[in-house]
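These are the residues of each chain, in order.
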Amino acid sequence: MAKVLLTGGSGFVGAHILRTLLERGYSVTATVRSSEKGDKILASHATHRSRLSYVIVKDIAEEFAFDLAVQSSPPFDYVIHSASPFPVDFTDPVNDVLNPAINGTIGILKAVKAHAPGVKRVVITSSFAAIVNTSCPPKVYDENSWNPVTWEEAVANRSLAYRGSKAFAERSAWDFVEGEKPGFDLVTINPPLVYGPVIHSLESLSGLNTSNQRIRDFVLGKHLGNELPPTGTFLWVDVRDLALAHVRAIEVPAAGGRRFFTTAGYCSHKRIVDAIRETHPQLSARLPDNPIDDFPENCYGYDNGRVRNMLAVEFRSLHQGIGDTVSSLLRFM
Ligand code: NDP
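Numbers given to residues run from 1 along each chain, matching the order in which its sequence is written. In keeping with the predicted nature of the model, local features appear solely for residues at pLDDT of at least 70, side-chain atom pairs appear and are counted solely at 80 or more, and the whole-chain, interface and lining totals rest on all residues. Excluded from the side-chain calculation are hydrogens and water; included are all heavy atoms of the structure.

In the nomenclature of an unreviewed UniProt entry, the protein is known as NAD-dependent epimerase/dehydratase domain-containing protein of Aspergillus pseudoustus. UniProt annotates the protein under Sequence similarities (unreviewed entry) with the comment "Belongs to the NAD(P)-dependent epimerase/dehydratase family. Dihydroflavonol-4-reductase subfamily." UniProt positions are given in the numbering used here, feature names are shortened, and annotations may be inferred rather than shown by experiment.

What follows is the structure, encoded as structure tokens:
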């Protein structure tokens, strides 16, 4: 039974990767920031308890943060690094967003190289944020596209801090592998906005992960009227398909050394509202009546062929993804 170290197991995406790994028979150790979070994870997977453990990594931005976590007996075969801040709000772009993303990525690669020689592959959750190029968009986004954001722009412009954090972290990872020639290979998974059911521990909807907050706000009736907030990113993926892509990335030998642009396709706030109305008609009174769709006529294209063909991941429809997300949120209302 292969053994996987998963960082960020307490998060929205991490919880789904954890569940998929356990369902597919892996033995998993999740990193968490506290024993309270670790104990909650163990309690929510009672049936797989013998194959699940946790280890505390308080702050991924700290040097040597992962040195102990990567050491295990029997040793780890694979590492999936999904921990990285995706904050709604922050005070300091460098310390709150950029450093944890970059230092965490470099830190885990260094730790694996130094202390975990059994690891064959490291899979990193990167992002469409590392792909998108708003200054000179390609006709079709695919794995060859890179965000050209500079450090100065990411520090000076709050809206670019997160995008910068993912682009710099991913570039650092590829540079590390090229320069250091470790005994493992690297895969990066690059999703756009991720929606889907909440299965991680959550006290209330106010602590919901950043991406699902859009859906929450529609369900709470925050956008009544015809005007919707700008969609911004017109691509999405369901968290369950994203989780499967991470796990397939450790299972498919040919995936090594590649990026995977893991998107299901187009979405817009109007299409999301339509999907909520179709799947949950009882919420209609809280939804905008006939909002304008800001989906652009000449929207950029996308190519998700590598994920479908190489990782054999099929994507859920927006209707299903949004419907299941809303059902999971209603439990907290
Ligand atoms: P969450 O905020 O739900 O999860 C983030 C995870 O990272 C949590 O487990 C969190 O721990 C952990 N983490 C963050 N900062 C630190 C730190 N300094 N030290 C230790 N642990 C830390 O976000 P998502 O699940 O949405 O994001 C997971 C990954 O997916 C990230 O890499 C993100 O960039 C990427 N991604 C997400 C997208 C989305 O739309 N959701 C889109 C594209 C990429 P804790 O629970 O203790 O806070």
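The discussion continues.
Left-over empty space is what a probe sized like a water molecule reveals as it rolls over the atoms. Here the term cavity refers to a set of points on a 1 Å grid, laid over the protein atoms alone, in which a 1.4 Å probe fits but cannot get out; the term pocket refers to an open set having protein on both sides within 12 Å along at least five of seven lines, with lining residues being those that place an atom within 4 Å of a point. Grid points are joined across faces, edges and corners, and a volume is the space filled by probe spheres set on the points. Across all of its chains, the model carries 1 cavity of 30 Å³ or more by this definition. One number sums up the size of the largest cavity: a volume of about 60 Å³. In this structure, the largest cavity is lined by H81, A83, S84, A101, T105, I124, T125, S126, K166, A169 and E170. The set of elements that each furnish at least two residues to the lining of the largest cavity consists of α3 (93-115), β5 (121-125) and α5 (158-180). Secondary structure follows DSSP: runs of H or I at least 4 residues long count as helices, runs of E at least 2 residues long count as strands, and numbering of each begins at the N terminus. Per-element tally for the lining of the largest cavity: the top contributor is α5, with 3 residues. Amino acids outside the nonpolar list (Ala, Val, Leu, Ile, Met, Phe, Trp, Tyr, Cys, Pro) and the charged list (Asp, Glu, Lys, Arg) are all regarded as polar, and Gly is one of them. Across the lining of the largest cavity, the residue classes break down as 4 nonpolar, 5 polar and 2 charged.

What follows covers the site of the ligand. Here a residue is considered near a molecule or strand provided that any single heavy atom belonging to it is located within 4 Å of it. Around the ligand sit 26 residues, and of these S10, V13, K37, Y162 and K166 come closest. Each polar contact in these results corresponds to two N or O atoms within 3.5 Å; when the atoms are within protein, one needs to be able to donate a hydrogen and the other to accept it, and residues that are neighboring in sequence are counted only if both atoms are side-chain atoms. Within the backbone of F12, one N or O atom sits 2.9 Å away from an oxygen atom of the ligand. S84 places a polar main-chain atom, nitrogen or oxygen, 3.3 Å from an oxygen atom of the ligand. At the level of secondary structure, the elements contributing two or more residues to the shell around the ligand comprise α1 (12-23), α5 and β8 (193-195). Considered class by class, the residues forming the shell around the ligand number 11 nonpolar, 10 polar and 5 charged.

Relative accessibility decides the category of a residue: with a 1.4 Å probe and only protein chains considered, values under 20% of the type maximum give buried, values over 50% give exposed, and everything between is partly exposed. Here strand β9 (residues 235-238) shows two buried faces, one formed by L235 and V237 and the other by W236 and D238. Only strands joined by at least two bridges in the DSSP assignment are considered to pair. Pairing of β8 with β9, which is carried by 3 bridges, proceeds in the parallel orientation. Residue V194 lies in a different strand from β9, and its bridge partner there is V237. Call a crossover right-handed when, viewed with both strands pointing away from you, the route from the first strand across the helix to the second goes clockwise. Each parallel crossover has a hand, and for β8 linked through helix α6 (residues 213-219) to β9 it is right-handed. The pairing of β9 with strand β11 (residues 265-266) spans 2 bridges and is classified as antiparallel.

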